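Notes for the structure review
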Amino acid sequence: MTTEPSTTAPSTTGDAFAGAVPFSGPRFHVEPAELYRELRRDHGAVAPVLLDGDVPAWLVLGYRELLHVTNDPVLFSRDSDLWNQWDRIPGDWPLLPMIGRKQPSILYTVGERHRQRAAMMSHAMEAVDPFELRRTAERYADRLIDSFCARGRADLLAEFAMLLPVRVLARLYGFTDEQGPALVKAINDLVDSTEDAIAGQTHVFTAMAELLELKKERPGPDVVSRMLADRYDFSDDEIVQDMMVMTVAGHQPTADWIGNSLRLMLTDDRFAASFSGGRHSVGQAMNEVLWEDTPTQNIAGRWASRDTRVGGRQIRAGDLLILGFAAANADPQVHLEGGGPTHGNNAFFSFGHGEHRCPFPAQEIAEVIARTGIEVLLDRLPDIDLAVAPETLVRRASPWLRGMTRLPVRFTPTPALGDRP
Ligand code: HEM
């Protein structure tokens, strides 16, 4: 695998992509900040990159350029059918699950149809009671901690961060407690691309379709029933697709937000005091992660609907632009213009921007789940500490979502609480 961003593009990609950088390799997970600085220095705000199989794309690294792209959903469309590279994409291309064609979910829907779909989803999530949500998140966090607290050691990633969001989301959407564990396994198999990924996808899809049928007959105070009550003319299949998106797009980045925030708090002296009630709060760590270590590093993407220019680059109709959220968050122009630390504000790109950004109620739900999980953990295990040297902590090998592979900790063993009423 290539590690240095100096490899030039093969001639098939044309002059525009001369000097393109492979969009893979360990630098994306070992030292991304330095890599993005180099890319900006060598290529400017929009860099030519090569995806698996030397497929060309543009990586938008500049804050202003990313605002420009995400603010114009007509010129920079979410419609992947526009891509001018489909004829060279093989059926087994590894990025197909992420950059899909003709997928009937909200992700690739555009225009008025997208606005209706986003409204259906947002209204359904807006009705979630934040106090009830917090109680649900506390209950599941307590149960997870109960499963390892007497041991004095745990892997906070596998045993906590990767289990909590999907359990809470499943409950909000209308699943029963009994269905939770199988859903957790299926979703994690799916997002981790394990050998059980296809089986996981089938399980989640079937469970969603069954839930939809159940809620049609017996609506309840849950997200799926509210989507059905407010469904415009969306078909059952479209609603099931959106339930899949809400579950998968909701679980993994929230799990990584918890994992990356815990890593920061466990490794950075400024936050060490938090564990015993010090000055740097959980909220500050979570905000800092969204600026500097965001789970959503790079997202694919947008497709140019006609020839245009961005960041001094000639973009052709049908070219793919990858949204470089992490690089844009670190754009020195923003930091200079802001005239000081950015951590007090929410002007990061981590939830996207424009019409296709993460729906606001989804952001709030993610925030409550992540913050509650971390607070309950610190409350229950106040002397928690890393069980390994910080430099041995490894990130997942992906330029897309950024998260830990494990987070081993130790703490004074404590008895389980058991289920609260
Ligand atoms: C309850 C948890 C969450 C749910 C249900 C959720 C749901 C969604 C949905 C449905 C979309 C697609 C919106 C559209 O196409 O109109 C989306 C987009 C997005 N979400 Fe979330 N999300 C959650 C948590 C998060 C978290 C924690 C992050 C990052 C830290 C995140 C980052 C994003 C980004 C960057 C996009 C925009 C993608 C683009 O512009 O193409 N989401 N989310």
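Everything in this summary refers to the structure shown in the same document. Here the structure is a predicted model, which means the values were calculated and not measured.

Reading the values: rules and limits
Residues numbered from 1 in each chain as written. Predicted model: local features only at pLDDT ≥ 70, side-chain atom pairs only at ≥ 80, totals over all residues. Heavy atoms only, no water. Helix = DSSP H or I, 4+ residues; strand = E, 2+ residues; numbered from the N terminus. Buried < 20%, exposed > 50% of the residue type's maximum accessible area, 1.4 Å probe, protein only. Contact = heavy atoms within 4.5 Å. Areas by Shrake-Rupley, 256 points an atom, 1.4 Å probe, with all protein chains shown as cover. Near = heavy atom within 4 Å. Polar contact = N/O pair within 3.5 Å; in protein donor to acceptor, adjacent residues only side chain to side chain. Arc of directions from axis to C-beta. Axes fitted to C-alpha atoms, helices over the stretch in contact; angles between N-to-C directions. Parallel < 35°, antiparallel > 145°, perpendicular 65-115°, else oblique. Left-handed = near helix turned anticlockwise from the far one by under 90°. Pairing = 2+ DSSP bridges. Core = buried A, V, L, I, M, F, W, Y, C linked by side-chain atoms within 4.5 Å.

A closer look at the overall build of the protein chain
Helix and strand content of the protein chain: 16 helices and 11 strands. The C-alpha extent of the protein chain, read off along each of the three principal axes, is 65 × 55 × 40 Å. Expressed as a percentage of its 421 residues, the buried residues of the protein chain come to 54%. Contacts in the protein chain between residues far apart in sequence, at least 24 positions, make up 70% of those at least 6 positions apart. For the protein chain, the exposed area adds up to about 18,400 Å²; of that, 54% sits on carbon and sulfur atoms.

Focus on the site of the ligand
In the neighbourhood of the ligand, 31 residues make up the surrounding shell, with Arg-78, His-114, Gly-250, Arg-302 and Cys-358 lying closest. Arg-78 has a polar side-chain atom sitting 3.0 Å from an oxygen atom of the ligand. Those elements giving two or more residues to the shell around the ligand turn out to be helix 4 (111-126), helix 7 (164-173), helix 11 (236-267), strand 6 (299-304) and helix 16 (360-380). It is helix 11 that provides the largest number of residues to the shell around the ligand, a total of seven residues.

As for helix 3 (residues 63-71)
Within the sequence span of helix 3, burial applies to Tyr-63, Leu-66, Val-69 and Thr-70. Buried residues of helix 3 fall within an arc of 125 degrees about the axis and therefore sit on the same side.

Observations regarding the packing of helix 9 (residues 197-217) against helix 11
Where helix 9 contacts helix 11, the axes come no closer than 9 Å and their chain directions differ by 125 degrees. Taken together, the axes of helix 9 and helix 11 lie oblique to each other. Handedness of the crossing formed by helix 9 with helix 11: right-handed. Along its contact with helix 9, which presents Gln-201, Val-204, Phe-205, Met-208, Ala-209, Leu-211, Leu-212, Glu-213 and Lys-216, the element helix 11 presents Asp-236, Asp-237, Ile-239, Val-240, Gln-241, Met-243, Met-244 and Thr-247.

Notes on the pairing of strand 2 (residues 46-51)
Counting buried positions over the six residues of strand 2 gives six, a clear majority of the element. On strand 2, burial covers both faces: Val-46, Pro-48 and Leu-50 on one face and Ala-47, Val-49 and Leu-51 on the other are all buried. Sheet analysis places strand 1 (residues 21-22) next to strand 2, joined by two bridges and oriented parallel. Paired with Val-21 across the two strands is Val-49, which belongs to strand 2. Pairing between strand 2 and strand 3 (residues 55-60): six bridges, direction antiparallel. Counterpart to Ala-47 in the pairing with strand 3 is Leu-59. Counting the residues that bridge the hairpin from strand 2 to strand 3 gives three residues, and of these Gly-53 lies at a positive phi of roughly 75 degrees.

Details of the sheet that holds strand 9 (residues 320-323)
As summarised here, the arrangement of the six strands in space is 1-2-3-9-6-4, forming an open sheet in which the pairing is mixed. Each end of this open sheet is capped by a strand with a single partner; those strands are strand 1 and strand 4 (76-77). Two strands pair when backbone bridges link them, and strand 6 and strand 9 are joined in this way by four bridges, in the antiparallel orientation. Bridge pairing in strand 9 places Ile-299 opposite Leu-323. Strands in contact with helix 2 (residues 32-43) are strand 1, strand 2 and strand 3; relative to strand 2, the strand with the most contacts, it is inclined by about 115 degrees. Where helix 3 meets the sheet, its contacts fall on strand 2, strand 3, strand 4, strand 6 and strand 9, and the angle it forms with strand 9 comes to roughly 120 degrees.

Observations regarding the nonpolar core
Most often, soluble globular proteins have nonpolar side chains that are buried together. Counting 83 residues, the largest nonpolar core has Phe-148, Leu-156, Phe-160, Leu-164, Val-223, Leu-377 and Ile-384 as its most contacted members. Tallying contributions element by element places helix 11 first for this core, with 13 residues. For Phe-160, the contacting residues outside a window of four places in its chain are Ala-141, Leu-144, Ile-145, Phe-148, Asp-155, Ile-258, Gly-373 and Leu-377. If you look at the next biggest cluster of nonpolar residues, it comprises 27 residues, including Leu-39, Trp-83, Ile-99 and Leu-320.

Focus: the sheet that holds strand 11 (residues 408-410)
Reading across the sheet, the three strands line up as 5-11-10 and stay open at both edges, with antiparallel pairing between neighbours. The open sheet has two edge strands with one neighbour each: strand 5 (153-155) and strand 10 (385-386). Across two bridges, strand 10 lies against strand 11 in antiparallel orientation. Paired with Asp-385 across the strands is Arg-410, a residue of strand 11.

Honestly, that's just the spatial picture; any functional story needs more than this.
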